[in-house]
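# Results of the structural survey
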There are 2 protein chains.
Amino acid sequence: MKTNRRDFVKMGTVAGMGIAGMAFTNSEAFGQKKDKTKDSVKHDPNIVRVGFIGLGGRGSGHVHDSITVGGIEVVAICDISQEAIDNVQKIIAKNGMKAAKAYTGSDHSYEEMVKNEELDAVIIATPWEWHVPMAVASMKAGVPYTGVEVSAANTLEECWDLVNVHEQTGNQVMILENVCYRRDVMAILNMVRTNQFGELIHCRCGYEHDLRGVKFDVETNNLKIGKEAHSEAQWRGLHAVKRNGDLYPTHGLGPIGVYLDINRGNRFLTISAMATKARGLSKFIDDHVAKDHPYHDINFNLGDIVTSMIKCANGETIIVTHDTNLPRPYSLGFRVQGTNGLWKGEGGGDWQDAGEQIYVEGKSKPHVWDKAEDWLKKYDHQYWREKGEKATGAGHGGMDFIMLNDFYDAVRNKKPVPLDAYDAAAWSAVSALSEMSVTRGGALVDFPDFTRGQWIKRHPGFGKDSQFPTDPERDFINTLF
Amino acid sequence: MKTNRRDFVKMGTVAGMGIAGMAFTNSEAFGQKKDKTKDSVKHDPNIVRVGFIGLGGRGSGHVHDSITVGGIEVVAICDISQEAIDNVQKIIAKNGMKAAKAYTGSDHSYEEMVKNEELDAVIIATPWEWHVPMAVASMKAGVPYTGVEVSAANTLEECWDLVNVHEQTGNQVMILENVCYRRDVMAILNMVRTNQFGELIHCRCGYEHDLRGVKFDVETNNLKIGKEAHSEAQWRGLHAVKRNGDLYPTHGLGPIGVYLDINRGNRFLTISAMATKARGLSKFIDDHVAKDHPYHDINFNLGDIVTSMIKCANGETIIVTHDTNLPRPYSLGFRVQGTNGLWKGEGGGDWQDAGEQIYVEGKSKPHVWDKAEDWLKKYDHQYWREKGEKATGAGHGGMDFIMLNDFYDAVRNKKPVPLDAYDAAAWSAVSALSEMSVTRGGALVDFPDFTRGQWIKRHPGFGKDSQFPTDPERDFINTLF
């Protein structure tokens, strides 16, 4: 068991080693309990032993979808709510699996879990401010693979924590950015890599999602937010009271970061961000509570719409939008534009959506959009071709299944995670950097280089599709490094 | 005649006088020929006497559409090309009108025209670099109304020239921004003013138009640009060789400026602009000429896509896109978003276009876009309700007709122009300011206040529709000034 354990630990990469590199840091120096395998029974090495921290809507969904993916055992679960634990035990039982060991009772019960249990992987789905402390604890305890929900980090220090602890321990952390696995997003990745759009020039993305009903519990003629509310309204809306920036950039930036090879031959250099006035949430309060309700005294710092412009090392620009306080249909506002054409993905991922349009010079009728569907079918990604049927019914139209399958594939085969600590740091950094820029009225702010200069020689690795290999012209530059 | 002439001159406004103000500067101090009416025959004061400078595709279209509007006489025309003059004389003759006096022979023939002729109005449709010198000459010569094509000005100094000469002479200049008169754009203006979208928060617009075939003459296996080319390729592409910024912002910013009451209770404060790498035009050359062609040595300074973020005094932000070097379907990329809903206008103005979508909370099905058409029909603007039938067949789907009708209405009724020197300056300034910001990597640049502080008390005036008066709540603030 301990040998097997060390195998897991040993293969953690540091950026400097490239995607095939090995790290030799002994993770046991970082405080994990050394005797925790004492009571273990013999373990099938093909079964991934998972612990789940955070069992709300998102976390319990991950338990369910992980079981659907298969080849895993839910060893331990952790939440401050006994109700959430009971709910997940039921999911486990319904699937004919043995009950997980439950950790609860304190905000810090997760520390006991990662120290006590012999885990191949931990999945974290908690409020934003807990993501990094938990991921750090998991890596330091010697868990070789930690998956952390988006946005991974809220501050620059937290971004560095993810990177530094990954490098110090040799253990890996994956940002669980499910939109990277959305079916249209992956088909577009195939189109990008096979050069349908030519050299990429400009991208757009965003989180354009009316979250007023998430930031508040909405009841008849009343609202609740913060400690007196439930679910995400307990904490998510509070960020809008205090912070002003792009609080949730990764659903858009994840896919765009992959398309643009960020941290793998390219990187984000600078950002300028502006916020509008804040009106949407106050109006929502006005529309729902009596005139003398104390909520009228809340001043929201978050501008209703925050837009960020990012410049990349290879000369591309990106516009990122955060739009969560106003009434509107959902969109991630994608655009991927190159010298040969572009994709506009403004729907919710539905291939028939009017907002899904593609134009490829020489193939589309001149100056006329193609509906995206035929293109997306043609370039449908291997992950979906092979697992799409099984994914159906899993969270968010199946992309959660495809994502977890990729995560567990890395765990089981001791591979580098497809979306790693550097991705988590670079994408999440937009939150903190946009807050800085907004405060200065849109002044430029520099991105840290979380790879410490290694981005120039790291190679793209996410979502390779054997049927659609990268165009040699596009890939040529990688052959020099 | 001279009395009539002075009436025209006298009513020119300066910003400080508000929309109903009068200027008493004697325009005759600014060099117009005082005896130029000597040879005039008796003139019907209801007929607007117009001179046209620039008779290419755009200018000859204006002659044609002006005749269609009616109530005008083409007194004089000016172009360096005799062919262009002959062509316009034919248009005039075909309409049974007497030939115009032609000015040609030198780049500066227009100076003779505005000095010699008794003109109520001049319309300028020449290469960008001639707009301001010609408009200034026209105002200084005492022409009470000058219409100048977009973008009105290329540099900040030119923006100030338009404003200062307008104020010094009391003569007016209108920026001929036809998109302000597009049928959907005017219907949206009615929706904005009647508060369908609530308080405006964020807008987008742009010029997303594949101009590669305009910047170059495209011939079989060959291209031409600059002095050896024809039409716009003679000059328009050259701006892309030397400049790097949003070269053509007003088709988008005109409508958005009107919606946001820019210069009339609001103003642009700051801008941050980023440019991508420049690839599109070089690739176009690669695709069209032999390997040893000297055009391969041209280095284009213009980034393929330039995006600008603008912050407004009242807390709104605007994203402006300039995208003219890459293959793509046409779009002006509109978005107008408020506390109650939004319009996305990403088509070319066709109401049935999939890119035309509207969402209004409480009226649209929750979280689902309405196709825009029903909304646009309901809020169809008075100008189009009354003149739409006659406009059909005029330039750009009729909006040129509606625009010229509004211009001549101001001339005939001695009213302030609906889009004035301050609008021309503020909108066009984005060209120069974006170039400054791009050069500094996206650093913030401040907008000049071309109204010299008067924007806080100027009132909106463009495109009032008697059937859709401004919502009193929206208009309240104006009643204080």
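Residues numbered from 1 in each chain as written. Chains lettered and ligands numbered in written order. Predicted model: local features only at pLDDT ≥ 70, side-chain atom pairs only at ≥ 80, totals over all residues. Heavy atoms only, no water.

## Focus on the overall build of chain A
Basically, it comes down to this: By definition, any uninterrupted DSSP run of H or I lasting at least four residues is a helix, any uninterrupted run of E lasting at least two residues is a strand, and each is numbered from the N terminus. All radius of gyration figures rest on C-alpha atoms, and the globule criterion is 2.2 Å times the number of residues raised to 0.38. The cut-offs for exposure are 20% and 50% of the maximum accessible area for each residue type, with area from a 1.4 Å probe on protein chains only; residues under the lower value are buried, those over the upper are exposed, and the others partly exposed. A contact between two residues is defined here by any heavy atoms of the two lying within 4.5 Å.
Helices and strands together make up the secondary structure of chain A, namely 16 helices and 17 strands. Taken against the 2.2 N^0.38 rule, which gives 23 Å for 481 residues, the C-alpha radius of gyration of chain A at 22 Å falls within 12% of a compact globule. With respect to the three principal axes, the spread of C-alpha positions in chain A is 65 × 65 × 40 Å. Looking at chain A as a whole, 63% of its 481 residues qualify as buried. Within chain A, counting contacts between residues at least 6 apart in sequence, those at least 24 apart form 74% of the total.

## Points about the sheet that holds strand 1 (residues 48-53) of chain B
Adjacent strands of a sheet pair through backbone hydrogen bonds, lying either parallel or antiparallel. Residues and elements named next belong to chain B. Our working definition: Between any two strands, pairing holds if DSSP finds at least two bridges. For every element, the axis is a line fit to its C-alpha atoms; helices are fit only across the contacting stretch, and the angle between N-to-C directions ranges from 0 to 180 degrees.
Sheet architecture is open: six strands sit in the order 3-2-1-4-5-6, paired in parallel fashion. Across the chains shown, the open sheet's two edge strands, defined by having one partner strand only, are strand 3 (101-103) and strand 6 (172-175). Strand-to-strand twist in this sheet, taken as the mean axis angle between neighbours without regard to direction, amounts to 25°. In this structure, strand 2 (residues 72-78) lies alongside strand 3, joined through three bridges in parallel fashion. Bridge pairing in strand 3 places Cys-78 opposite Tyr-103.

## Regarding the interface of chain B and chain A
One frequent convention defines the size of an interface as the accessible area lost when the parts assemble. The cut-off we apply is this: Two parts placed together each lose some accessible area under a 1.4 Å probe, and adding up what both lose gives the buried area. By salt bridge we mean one thing: a side-chain nitrogen of Lys or Arg within 4 Å of a carboxyl oxygen of Asp or Glu. Each residue gets one of three labels, nonpolar for Ala, Val, Leu, Ile, Met, Phe, Trp, Tyr, Cys and Pro, charged for Asp, Glu, Lys and Arg, and polar for the others, Gly among them.
With 57 residues of chain B at the interface, the matching set in chain A holds 57 residues. With both chains or domains summed, chain B and chain A bury close to 4500 Å², and 57% of this area falls on carbon and sulfur atoms. Looking at the side of chain B facing chain A, the largest losses of area belong to Met-274, Lys-277 and Met-309 of chain B, adding up to 15% of the total buried there. Where chain B packs against chain A, one counts 14 salt bridges. One salt bridge in this structure joins Glu-346 of chain B and Lys-344 of chain A, with 2.6 Å as the shortest N-O distance. Counting only elements with at least two residues in the side of chain B that touches chain A, the list comes to strand 7 (200-208), strand 10 (268-275), strand 11 (305-312), strand 12 (317-323), strand 13 (334-338), strand 14 (341-345) and strand 15 (356-360) of chain B. Across the side of chain B that touches chain A, the residue classes tally to 20 nonpolar, 19 polar and 18 charged.

## Points about the pairing of strand 11 (residues 305-312) of chain A
Walk down a regular strand and you will see the side chains alternate between the two sheet faces. Residues and elements named next belong to chain A. Across the eight residues of strand 11, seven count as buried, placing the element largely inside the fold. Of the pairings in the sheet, the one linking strand 10 (residues 268-275) to strand 11 comprises seven bridges and is antiparallel in character. Note that in strand 11 the partner of Ala-273 across the bridge is Ser-308. Both strand 11 and strand 12 (residues 317-323) contribute to a ladder of seven bridges, which runs antiparallel. Looking at the pairing, Ile-305 lines up with Asp-323 of strand 12. Taken together, strand 11 and the strand that follows it, strand 12, pair antiparallel across an intervening segment of four residues, in which Gly-315 is found at a positive phi of about 95°.

## Points about the confidence of the model for chain A
To be explicit about the condition: pLDDT is a per-residue confidence score from the predictor, ranging from 0 to 100.
Looking at chain A as a whole, its pLDDT mean stands at 92, while 91% of the residues score no less than 70. For the stretch residues 1-35 of chain A, pLDDT sits under 50, and the model shows 85 contacts to residues farther than four places along the chain or on other chains.

## What to know about the state of the cysteines
How we decide: Disulfides are defined as pairs of cysteine sulfur atoms found within 2.5 Å of each other.
Taken as a whole and assessed by the stated rule, the structure comprises zero disulfides over all chains. Cys-203 of chain A takes part in no disulfide bond, and the closest cysteine sulfur to it belongs to Cys-312 of chain A, at a distance of 7.8 Å.

## Observations regarding the relation of the copies chain B and chain A
Using the following cut-off: Copy-to-copy superposition: least squares on the C-alpha atoms, limited to residues that have pLDDT of at least 70 in both copies.
It takes a turn of 180° to lay chain B on chain A, together with a shift of 0.0 Å along the axis; the resulting RMSD is 0.0 Å. Given the turn and translation reported, the copies of this chain are related as if by a two-fold rotation axis.

## Things to note about the packing of aromatic side chains
Heads up, the rule is: The pairing test for Phe, Tyr and Trp rings, Trp by its six-membered ring, is centres within 6.5 Å, and the orientation test on the planes gives stacked under 30 degrees, edge-to-face over 60, and tilted for anything in between. Put simply, a charge is over a ring when the Lys NZ or the Arg CZ is close to the ring centre, within 6 Å, and near the line of the ring normal, within 35 degrees.
Evaluated as defined, the whole model comprises 26 aromatic pairs over all chains. Ring centres of Phe-216 of chain A and Phe-300 of chain A lie 6.2 Å apart, and the angle between their planes is 75°; this geometry places the pair in the edge-to-face category. In this pair, Phe-216 of chain A is assigned in the loop between helix 8 (212-215) and strand 8 (217-219) and Phe-300 of chain A in the loop between helix 11 (280-288) and strand 11, connecting sequence segments 84 residues apart. The pair formed by Phe-216 of chain A and Phe-300 of chain A is uniform in burial state, with each residue classed as buried. Geometrically, the ring pair formed by Phe-268 of chain B and Phe-447 of chain B is tilted, given 5.1 Å between the ring centres and 45° between the ring planes. Of this pair, Phe-268 of chain B sits in strand 10 while Phe-447 of chain B sits in the loop between strand 17 (445-446) and helix 16 (472-475), placing them 179 residues apart in sequence. The rings of Trp-128, Tyr-207, Trp-235 and Tyr-248 of chain A are connected pair by pair, giving a single aromatic cluster. Here Arg-236 of chain A stacks its cationic end above the ring of Tyr-248 of chain A, 4.5 Å away from the centre of that ring.

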